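Observations on chain architecture
One-letter residues, chain by chain:
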Number of protein chains: 2
Amino acid sequence: MSQAHAYTNTHDIIAPILARHSMFENVPAETVALFANKAKLKPATKSKVLFLRDDPAEWFYVVRYGWVKLFRETLEGTEAVIDVLPSGHMFGENSVFENDQYSYSAEVIEASELIMLPTELLKQTIADNQTIALNMLASMARHHRQQSREIEHLNIQNAPQRIGCFLLRLCPQETARSITLHLPYDKTLIAARLGMKPETFSRALNKLKQETPLTINGPTVEIRDIEKLVNYTCNHCSDSFPCEDLNLKR
Amino acid sequence: MSQAHAYTNTHDIIAPILARHSMFENVPAETVALFANKAKLKPATKSKVLFLRDDPAEWFYVVRYGWVKLFRETLEGTEAVIDVLPSGHMFGENSVFENDQYSYSAEVIEASELIMLPTELLKQTIADNQTIALNMLASMARHHRQQSREIEHLNIQNAPQRIGCFLLRLCPQETARSITLHLPYDKTLIAARLGMKPETFSRALNKLKQETPLTINGPTVEIRDIEKLVNYTCNHCSDSFPCEDLNLKR
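A few words now on the domain arrangement of chain A. Residues and elements named next belong to chain A. For chain A, the assigned domains are domain 1 (2-142) and domain 2 (157-234). Each of domain 1 and domain 2 was reduced to a C-alpha centroid, and the two centroids are 30 Å apart. Tallying the contact residues gives seven residues for domain 1 and five residues for domain 2. In total, about 550 Å² of surface goes out of reach between domain 1 and domain 2, with carbon and sulfur atoms giving 68% of it. Three residues stand out in domain 1 for area buried against domain 2, namely Trp67, Val81 and Val84, and they jointly supply 63% of the buried area on that side. Put simply, domain 1 and domain 2 have one salt bridge between them. Salt-bridge contacts for aspartate 83 lead to arginine 193; the nearest nitrogen and oxygen are separated by 3.4 Å. Among the elements that take part in the side of domain 1 that touches domain 2, strand β4 (residues 79-85) stands out by supplying four residues, more than any other.

Rendered as structure tokens:
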């Protein structure tokens with residue numbers, strides 16, 4: 001009985017989160033309920049590895065709260081951070097197009113709670129349900145655009161500009177001349193996310209502080225002149241500030 | 001009458017090319033014929049700009065023969081080469097998820113012939129035809145994987161390793177110890193494709209020649225020990241040689 005009760009609660013927590021996700025936009029409530037019924041809530045502590053690349057993919061995930069790092073490792077053991085995802089974001093769902101194996105590894109980087117959903121159900125649903133297939137296409141197109149810009153930045157921007165871009169993405173769209181921000185995760189991980197060694201990151205941050213008025217105190221960043229930072233950074237990008245995807249749909 | 005005759009010929013040329021493309025895999029011949037009927041064959045000379053980023057997207061394209069460069073420009077005018085596509089490849093189709101605007105510019109880099117297809121028809125067909133939607137999802141998943149690896153390489157590999165990877169991708173899957181290759185397009189464009197300035201590219205190529213036995217004579221490259229090149233390059237990648245996507249479906 002208590003089992004059944006707990007189960008209902010879990011469904012009630014999960015269904016509204018799924019319903020808000022772009023994957024389930026315009027999808028009938030019954031279909032969302034199918035997923036919510038098969039879902040599990042999984043708490044995870046920092047450093048928990050959720051899956052490794054090439055593992056058989058039984059589940060895909062939505063971050064309920066916390067942060068998750070996606071990465072790949074070279075044969076020599078160097079880690080490439082592909083993405084760092086906050087709450088609301090989905091991952092692992094692309095495994096249905098990867099022979100049911102994960103194409104990256106996933107690790108929790110601070111205490112998090114995850115919604116686990118069966119990939120098998122997603123596979124069946126994509127095949128039958130045109131709306132879910134189209135939502136997934138739209139979401140992949142957004143990822144494609146983000147990745148194209150990331151490749152462009154790695155090709156064209158210098159390290160201080162890439163840090164400037166990372167900071168501007170944390171700013172709200174409507175912002176005053178100056179703003180105080182909090183870094184979302186630690187600097188070592190920001191460096192890895194931006195494809196920099198820690199020492200490159202430190203040097204680049206110092207250079208950025210010389211170029212635009214900026215103070216960094218632990219995780220707190222004070223940008224004193226947004227426009228200067230925009231000029232320094234966004235002139236070396238094919239998009240203008242504020243980015244279209246700043247308030248990106250998931 | 002001659003108009004009608006020319007039209008029939010064009011359809012007969014285009015339909016089999018489309019039918020072989022992964023976008024139309026398992027799609028009924030009538031649907032393929034719908035596209036072939038609306039298609040146009042467009043010859044284009046070197047340097048012809050097919051469209052610019054943000055142009056309204058009326059057409060998407062398949063390269064019948066030749067090469068097409070996809071790129072984006074920063075506000076300052078620096079060009080980032082996103083891809084260089086040979087025959088058989090499709091581009092511009094993602095505009096149906098980008099408010100019917102192109103998200104990059106496209107320029108022909110040598111005498112080419114292109115198949116132009118109306119994006120409007122694609123939009124309608126994706127909405128009705130589950131097979132085309134699923135084929136497009138599979139194709140986007142492949143692009144996603146390629147882009148993820150490209151980001152990984154830009155983050156982790158040095159310039160000579162990135163050139164090594166480019167060369168290995170030109171090798172057939174089953175290859176002897178040594179091989180002679182032809183560079184598919186000129187070195188300036190290869191440098192841009194790999195996100196390098198020409199002088200960085202030259203230095204990196206010299207370094208690569210020191211590390212593995214390699215001769216380059218104009219567009220001809222002789223790799224004298226594939227295994228050495230693989231060790232030098234692929235240990236710094238999360239995939240092992242030969243890459244799964246070497247003989248990539250389009």
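Following the structure, the description resumes.
Before going further, it helps to spend a moment on the relation of the copies chain A and chain B. Mapping between the two chain copies consists of a rotation about an axis together with a translation along that axis. When chain A is fitted to chain B, the best match, at an RMSD of 0.0 Å, comes from turning it 180° and sliding it 0.0 Å along the axis. Here the symmetry operator amounts to a two-fold rotation axis. Comparing interface residues between copies, 100% of those in chain A also sit at the interface in chain B, which points to an isologous, same-surface contact.

With that out of the way, let us pick up the packing of aromatic side chains. Think of a pair of aromatic rings as described by two things: how far the centres are apart, and how the planes are tilted against each other in angle. Residues and elements named next belong to chain A. All chains considered together, the criterion is met by 16 aromatic pairs over all chains. Here phenylalanine 51 and tyrosine 61 contribute two aromatic rings whose centre-to-centre distance is 5.8 Å and whose plane-to-plane angle is 35°, an arrangement assigned as tilted. In this pair, phenylalanine 51 is assigned in strand β2 (residues 49-51) and tyrosine 61 in strand β3 (residues 59-73), connecting sequence segments 10 residues apart. Tyrosine 61 carries the same exposure label as phenylalanine 51, and that label is buried. Relative to tyrosine 102, the ring of phenylalanine 51 has its centre 3.5 Å away and its plane inclined at 10°; by these criteria the two rings are stacked. Pair noted here: phenylalanine 51 is in strand β2 and tyrosine 102 is in the loop between β5 (90-91) and β6 (105-118), with a separation of 51 residues, a long-range link.

Moving on, we come to the environment of isoleucine 13 of chain B. Residue and element names in this part refer to chain B. Here isoleucine 13 is to be found in helix α1 (residues 2-20). Sequence separation between isoleucine 13 and alanine 36 is 23 residues, and the spatial gap between their C-alpha atoms is 8.7 Å. Setting aside anything within four residues of it in sequence, one finds isoleucine 13 in contact with Leu41 and Arg64.

This paragraph deals with the pairing of strand β8 (residues 214-217) of chain B. Residue and element names in this part refer to chain B. Residue alternation in β8 divides its side chains into a buried set, Leu214 and Ile216, and an unburied set, Thr215 and Asn217. In this sheet, strand β9 (residues 220-223) lies alongside β8 in antiparallel orientation, the contact comprising four bridges. The residue of β9 that forms the bridge with isoleucine 216 is valine 221. The antiparallel pairing of β8 with β9 creates a hairpin that spans two residues between the two strands, and glycine 218 there sits at a positive phi of about 60°.

To continue, consider the pairing of β4 of chain A. All names here are of chain A. Within β4, five of the seven residues are buried, which leaves it mostly tucked inside the rest of the structure. Taken together, the six bridges between β3 and β4 define a ladder with antiparallel strand orientation. Note that in β4 the partner of phenylalanine 71 across the bridge is valine 81. With antiparallel pairing between neighbouring strands as the criterion, β3 and β4 make up a hairpin whose turn holds five residues, including glycine 77 at a positive phi of roughly 100°.

Cut-offs applied
Residues numbered from 1 in each chain as written. Chains lettered and ligands numbered in written order. Predicted model: local features only at pLDDT ≥ 70, side-chain atom pairs only at ≥ 80, totals over all residues. Heavy atoms only, no water. Domains from an automatic or database assignment. Contact = heavy atoms within 4.5 Å. Buried area = accessible area lost by both parts, 1.4 Å probe. Salt bridge = Lys/Arg side-chain N within 4 Å of Asp/Glu carboxyl O. Helix = DSSP H or I, 4+ residues; strand = E, 2+ residues; numbered from the N terminus. Least-squares fit on C-alpha atoms with pLDDT ≥ 70 in both. Phe/Tyr/Trp six-rings, centres within 6.5 Å; stacked < 30°, edge-to-face > 60°. Buried < 20%, exposed > 50% of the residue type's maximum accessible area, 1.4 Å probe, protein only. Pairing = 2+ DSSP bridges.

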